[in-house]
Amino acid sequence: MTGPDTPASFKLAYVPGVTPSKWVRIWDERSPDVPLELVQTTAAEAVGLVREREVDAVLLRLPIDREGLHAIPLYTETTVVVVPKDHLVAAADEVSVDDIADEIVLHPLDDTLDWDTPPGKPALERPATTADAIELVAAGVGLLIVPQSLARLHHRRDLTYRPISGTPESGVALSWPDDETTDLMEQFIGIVRGRTVNSTRGRQQAQEKQAPAKKAPVKGNRPQAGGRKPQSGNRRAPQGGKRGKPRRRG
């Protein structure tokens, strides 16, 4: 992991709502000499950052255009509807899209869910960002459907959220260029996939693992399978030894 070709750091971008702290902590434990630099980005700019090699990898939300990119799905988030605390929806444990069919549902321009139009009634204008939409929900203008992590990120005391069924789910993935095959990239892939510190990672270790192991030399001669056990002694008298006198026949 060291040498003249080793980068000074590993740059990781991430979109709002995604928390890479667990993976960063593991990286720091395993590679203390290589800093992991975090770059916060928007959902719209995430793919461009990794394509332009401004970062080594990015944690983003699916779906994306995967041309020229790898993408490892990591987990899927629960979708929730954000409402004022005094809204009828707040009294339920879970709701469906039919429950909000008569409500105005905001559709921000940076929406991360894979749909053309949310359920409910559309607002006159689309908010520019999810943060702007949250402000409108607090003002009583409408409701907002987002991944749960974004509802937590934009938490307000006067708002709450509930799981909602019948909507797309947001998948979070790790993405990097197809031709990015450095040992540092392999190490981070191993971390997000849950490999232990003793697991094989990196091209050099993989090659060592594939090399055939040399057999230890066999010490001593082994008896052949199915053969007789050799006798421990010779029944014949050794040459030059004394012999008994023959008896005379009377």
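This text follows the structure it describes.
Definitions and cut-offs
Residues numbered from 1 in each chain as written. Predicted model: local features only at pLDDT ≥ 70, side-chain atom pairs only at ≥ 80, totals over all residues. Heavy atoms only, no water. Helix = DSSP H or I, 4+ residues; strand = E, 2+ residues; numbered from the N terminus. Buried < 20%, exposed > 50% of the residue type's maximum accessible area, 1.4 Å probe, protein only. Pairing = 2+ DSSP bridges. Contact = heavy atoms within 4.5 Å. Axes fitted to C-alpha atoms, helices over the stretch in contact; angles between N-to-C directions. Salt bridge = Lys/Arg side-chain N within 4 Å of Asp/Glu carboxyl O. Phe/Tyr/Trp six-rings, centres within 6.5 Å; stacked < 30°, edge-to-face > 60°. Arc of directions from axis to C-beta.

1. Quick look at unusual backbone geometry
- Each neighbour pair has its own omega, and for Leu62 with Pro63 the value is 5°, a cis peptide bond.
- Of note in this structure, Arg53 is not a glycine but carries a positive phi near 60°.
- Note that Arg53 resides in the loop between helix 2 (46-51) and strand 3 (57-62).
- Take Arg53: its relative accessible area is 44%, and that puts it in the partly exposed class.

2. A short note on the sheet that holds strand 7 (residues 105-106)
- Spatial strand order, 6-9-5-8-7: 5 strands in an open sheet with mixed pairing. The open sheet is flanked by strand 6 (95-96) and strand 7, the only strands paired with a single partner.
- For strand 5 (residues 79-84) and strand 9 (residues 159-165), the ladder comprises 5 bridges, and the chain directions are antiparallel. Each residue of the ladder has a partner; that of Val83, found in strand 9, is Thr160.
- Its contacts with the sheet put helix 3 (residues 130-138) on strand 5, strand 7, strand 8 (143-147) and strand 9, and the angle it makes with strand 8 is roughly 140°.

3. Notes on the pattern of salt bridges
- Counted according to the given criterion, the structure contains 7 salt bridges.
- Its salt-bridge partner being Arg53, residue Glu180 comes within 3.5 Å of it at the nearest N-O pair. Remark: Arg53 occurs in the loop between helix 2 and strand 3 and Glu180 occurs in the loop between strand 10 (170-177) and helix 5 (183-192); sequence separation between them is 127 residues.
- Among the charged side chains, a salt-bridge network with shared partners connects Arg53, Asp179 and Glu180.

4. A word on the packing of aromatic side chains
- As enumerated under the stated definition, the model contains 3 aromatic pairs in all.
- Members of the aromatic cluster, joined through ring pairs, are Phe10, Trp27 and Phe188.

5. Here's the deal with helix 1 (residues 21-30)
- When we look at burial in helix 1, the residues that qualify are Trp23, Val24, Ile26 and Trp27. For helix 1, the buried positions fall inside an angular range of 165° around the axis, keeping them on one side. Exposed residues on helix 1 whose side chains face more than 90 degrees from its buried face are Ser21, Lys22 and Glu29.
- Next to the buried residues of helix 1 lie strand 1 (10-14), strand 2 (36-40), strand 3, strand 4 (69-77) and helix 5.

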